[in-house]
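Below are the chains, spelled out letter by letter.
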Amino acid sequence: MRDLVEAAGIFVLLIGNLGSHHSTLNVELFRGFALADPIAPFVVINDQDSEQAWSFTLLHELAHIWLGQTGVSGGRPSSAIETLCNDVAGRILLPQVELASEPSLIGAPLDRVVARITDIASTRQVSYSMVAYKLYREGVIDQDMWTSVTSVFRTQWLKLKAAQRDRAREADGGPNYYVVRRHKLGNRLVDLAKRMLADGALSPSKAAAILGVKPSNVYSLMNGAA
């Protein structure tokens, strides 16, 4: 999906902190943002969020681009535009027709609702929170249940993240720095910087500023791109 969006001329970056793990961005405050620039539109996704949630965020921010409305997404939708962008993303990933046959879960116990959301999310490979939101929007669950299941899945996700950090500390080595950096920047931005650098339109120091690396690392990043 990211490749398709970048092929349409939109830069897609994964950024989850302000430069180091000490400045991690809370996903409750920032899941992503869109810069609806007519020449260089950007979408930034908080990669501290679950990978299953990235596709929803990408489509949500893409809707902002289509509307020509720059915006930051995080927490519950607080405006008509945020609600619309959520609905656009939700209808693409989980079409309304697929929920039409879902029986009402209003009044059902929490564990039953959690189990059903888990089944749908696993089948469709989407986030639990997105499924919960869609069921709420379609009237399958009420607002109180939406709040409750969101809290349950949030707690589960935090425990999973903590376990992943523990395993990472115990593991030896890790992925190549340049591979990770390119993945976060996206092919479109790296390839554009590479072409401009080769044409002399961009100096190594300016390329470094754009790519968020030291000038001495620019060519290593480009070679990794090749």
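Since the model is a prediction, treat every value here as computed from it, not as a measurement.

As a further point, take the nonpolar core. The biggest cluster of nonpolar side chains holds 36 residues, and the ones touching the most others in it are Val113, Ile117, Val131 and Val149. Elements with a contribution of two residues or more to this core: β1 (11-14), β3 (42-45), α2 (51-67), α3 (80-93), α5 (110-124), α6 (128-137) and α7 (143-170). If you tally residues by element for this core, the top one is α2, at six residues. Once residues within four sequence positions are removed from consideration, Ile117 is found in contact with Tyr128, Val131, Ala132, Leu135, Val149 and Phe153. Counting residues in hydrophobic clusters, the runner-up holds 18 residues, among them Phe42, Val190, Ala193 and Ala208.

So, on to the pairing of β3. The side-chain alternation of β3 yields two buried faces, one formed by Phe42 and Val44 and the other by Val43 and Ile45. Note that β1 and β3 share four bridges and pair parallel. From the neighbouring strand, Leu14 faces β3, where its bridge partner is Ile45. The pairing of strand β2 (residues 32-35) with β3 spans four bridges and is antiparallel. Bridging across to β3, Gly32 finds its partner in Ile45.

What counts as what
- Residues numbered from 1 in each chain as written.
- Predicted model: local features only at pLDDT ≥ 70, side-chain atom pairs only at ≥ 80, totals over all residues.
- Heavy atoms only, no water.
- Core = buried A, V, L, I, M, F, W, Y, C linked by side-chain atoms within 4.5 Å.
- Buried < 20%, exposed > 50% of the residue type's maximum accessible area, 1.4 Å probe, protein only.
- Helix = DSSP H or I, 4+ residues; strand = E, 2+ residues; numbered from the N terminus.
- Contact = heavy atoms within 4.5 Å.
- Pairing = 2+ DSSP bridges.

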